[in-house]
Amino acid sequence: MDWFFLFSAVDGVEPQSETNWRLADNYKVPRIGFVNKMDRQGANFLNVCTQVREMLKSNAVPIVLNIGDEEDFKGIVDLVKNRAIVWHDDNFGSTFDVIDIPEDMKADVEMYRAQLIEAVAEYDEALLEKFFEDPDSITEDEVHNALRAATQDMSIIPMICGSSFKNKGVQFLLDAVCRYLPSPEDKEAIVGINPKNDEEIARKPSVKEPFAALAFKIATDPYVGRLAFFRAYSGRLDAGSYVLNNRSGNKERISRIYQMHSNKQNAIEFIEAGDIGAAVGFKDIKTGDTLSDEKAPIIL
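We now turn to the structure provided with this report. Being a predicted model, the structure only gives us computed values, none of them experimental.

A tally of helices and strands in the protein chain yields six helices and 20 strands. Here the protein chain holds 300 residues, and the buried ones make up 40% of them. A sequence separation of at least 24 residues applies to 63% of the contacts in the protein chain between residues at least 6 apart. Of the accessible surface of the protein chain, which amounts to about 16,400 Å², a share of 47% is contributed by carbon and sulfur atoms. Side chains of the protein chain carry 34 positive and 50 negative charges; the gap between the two charge centres is 10 Å.

Positive phi outside glycine occurs at Glu70, with the angle close to 55°. With respect to the element layout, Glu70 can be found in the loop between strand 4 (64-67) and strand 5 (75-78). Note on Glu70: relative accessible area 29%, which makes it partly exposed. Of note in this structure, Asp198 is not a glycine but carries a positive phi near 65°. With respect to the helices, strands and loops of the structure, Asp198 is situated in the loop between strand 9 (190-193) and strand 10 (200-203).

Attention shifts here to the environment of Glu185. Within the secondary structure, Glu185 is located in the loop between helix 6 (170-180) and strand 9. Sequence separation of Glu185 and Ile156 is 29 residues, and the distance between their C-alpha atoms is 21 Å.

Here the focus is the sheet that holds strand 1 (residues 3-8). Read from one edge of the open sheet, four strands run 1-2-8-3, paired in parallel fashion. Edge positions in the sheet fall to strand 1 and strand 3 (60-62), since each has one partner strand and no second. Put simply, the sheet's adjacent strands are angled 30° from each other on average, direction ignored. Here strand 2 (residues 31-36) pairs with strand 8 (residues 157-161) via three bridges, running parallel. Pairing of Phe34 across the sheet is with Ile160, part of strand 8. The strands touched by helix 2 (residues 45-55) within the sheet are strand 1, strand 2, strand 3 and strand 8, with strand 3 carrying the most contacts at an inclination of about 160°.

Let us now look at helix 5 (residues 140-152). Owing to its 3.6 residues per turn, the α-helix aligns residues three or four sequence positions apart on the same side. Under the 1.5 Å per step criterion, the end-to-end length of helix 5 is 18 Å for 13 residues, consistent within 8% with the ideal 18 Å. Within the span of helix 5, buried status applies to Val143, His144, Ala146, Leu147, Ala150 and Thr151. Immediately beyond the C-terminal end of helix 5, within one or two residues, lies Met154, with a positive phi of roughly 65°.

Of all the residues in helix 2, the buried ones are Phe45, Val48, Cys49, Gln51 and Val52. The buried residues of helix 2 occupy an angular sector of 160° when projected down its axis, which confines them to one face. Its side-chain oxygen at 3.4 Å from the backbone nitrogen of Leu46, Asn44 defines the N-terminal cap of helix 2. Lys57 lies just past helix 2 and shows a positive phi near 50°.

Summarising burial for strand 8: five of the five residues are buried, a large majority. The alternating pattern of strand 8 places Ile157, Met159 and Cys161 and Pro158 and Ile160 on opposite faces, both of which are buried. In this sheet, strand 8 lies alongside strand 3 in parallel orientation, the contact comprising three bridges. Among the inter-strand pairings, Ala60 is bridged to a residue of strand 8, identified as Ile157.

What follows concerns the packing of helix 3 (residues 106-123) against helix 5. What describes two packed helices is the angle between their axes and the distance between those same axes. Viewed as axis vectors pointing N to C, helix 3 and helix 5 meet at an angle of 65°, and their least axial separation amounts to 9 Å. Here helix 3 and helix 5 pass one another in a crossing that is left-handed. The segment helix 3 lies against helix 5, with Leu116, Ile117, Val120 and Tyr123 engaging Val143, Ala146, Leu147, Ala149 and Ala150. Its residues placed into classes, the contact of helix 3 with helix 5 shows nine nonpolar, no polar and no charged.

Attention now goes to the environment of Asp293. With respect to the element layout, Asp293 can be found in the segment after strand 20 (290-292). For Asp293 and Asp275, which are 18 residues apart along the polypeptide, the C-alpha to C-alpha distance reads 16 Å. Apart from residues lying up to four places away in sequence, Asp293 is in contact with Pro210, Phe211 and Leu244.

Here we come to the pairing of strand 17 (residues 264-268). Direction of pairing for strand 16 (residues 256-261) relative to strand 17: antiparallel, over a ladder of five bridges. Of the residues in strand 17, the one forming a bridge with His261 is Lys264. As consecutive antiparallel partners, strand 16 and strand 17 are separated by two residues, and within that stretch Ser262 has a phi angle of approximately 55°, a positive value.

Quick notes on the rules
- Residues numbered from 1 in each chain as written.
- Predicted model: local features only at pLDDT ≥ 70, side-chain atom pairs only at ≥ 80, totals over all residues.
- Heavy atoms only, no water.
- Helix = DSSP H or I, 4+ residues; strand = E, 2+ residues; numbered from the N terminus.
- Buried < 20%, exposed > 50% of the residue type's maximum accessible area, 1.4 Å probe, protein only.
- Contact = heavy atoms within 4.5 Å.
- Areas by Shrake-Rupley, 256 points an atom, 1.4 Å probe, with all protein chains shown as cover.
- Lys, Arg positive; Asp, Glu negative; His and termini not counted.
- Charge placed at Lys NZ, Arg CZ, Asp CG, Glu CD.
- Pairing = 2+ DSSP bridges.
- Axes fitted to C-alpha atoms, helices over the stretch in contact; angles between N-to-C directions.
- Expected span 1.5 Å × (residues − 1).
- Arc of directions from axis to C-beta.
- Polar contact = N/O pair within 3.5 Å; in protein donor to acceptor, adjacent residues only side chain to side chain.
- Left-handed = near helix turned anticlockwise from the far one by under 90°.
- Nonpolar A, V, L, I, M, F, W, Y, C, P; charged D, E, K, R; others polar.

Here is the structure:
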């Protein structure tokens, strides 16, 4: 599991932020900070970064700088690529232009980019040597790789800003989630209990592993009937096939599998490791039930 933490550019670190941050620390969850509402009056991205460092005792490092703020917020400077991005208002922030860094920001960009390079260099000894010899010799890919490793190790918290209401900075955030936070293959396998002998067994997040899923919600739909929402941790399940409910010990046929979109559902032919879906056809299903391949039982 990994998170991005949402902060208000106006209100900064709030009590619930501190509570959830401690929870993430306890479970060693890597994270990215997203400072939202940059278009609101009183917005201050760098001030929130300072609060995250001081109040949450973390190494929060901006990887962007905002171009304008409040009603003038129009873009960001990507400190890794060292380029400026300005969004098109007429396309609701979904398209942008890459422009030269504004003259009045060049000094700040140089300072904060140097701080970013120094932060990743301190984490990676190989980069530290290059940093002392020639900071400009550190490539963009080297910064990305070191930042990814440091983020997953929780040594650095990358900080990004935007306005989700106007779709500004959201795509940049999603790209950063994919680039810096761990994929399921970077994490340890899920551990469960073998009901036959009570020994611990693991399932890697792979379609090649035996199927294992956890039912986390039961709902009733007026059109399709009783829906069991579940997350597949490993393997693959085809619509129309059978699955073992490890609580009841019964084998059940899954007549249909749906991909859910709010209150709508799209029928799909199968579900694989990492997917969330909903199934119809269970005679006996409860929240918290583990579903698995009948030849490879497991209780999550």
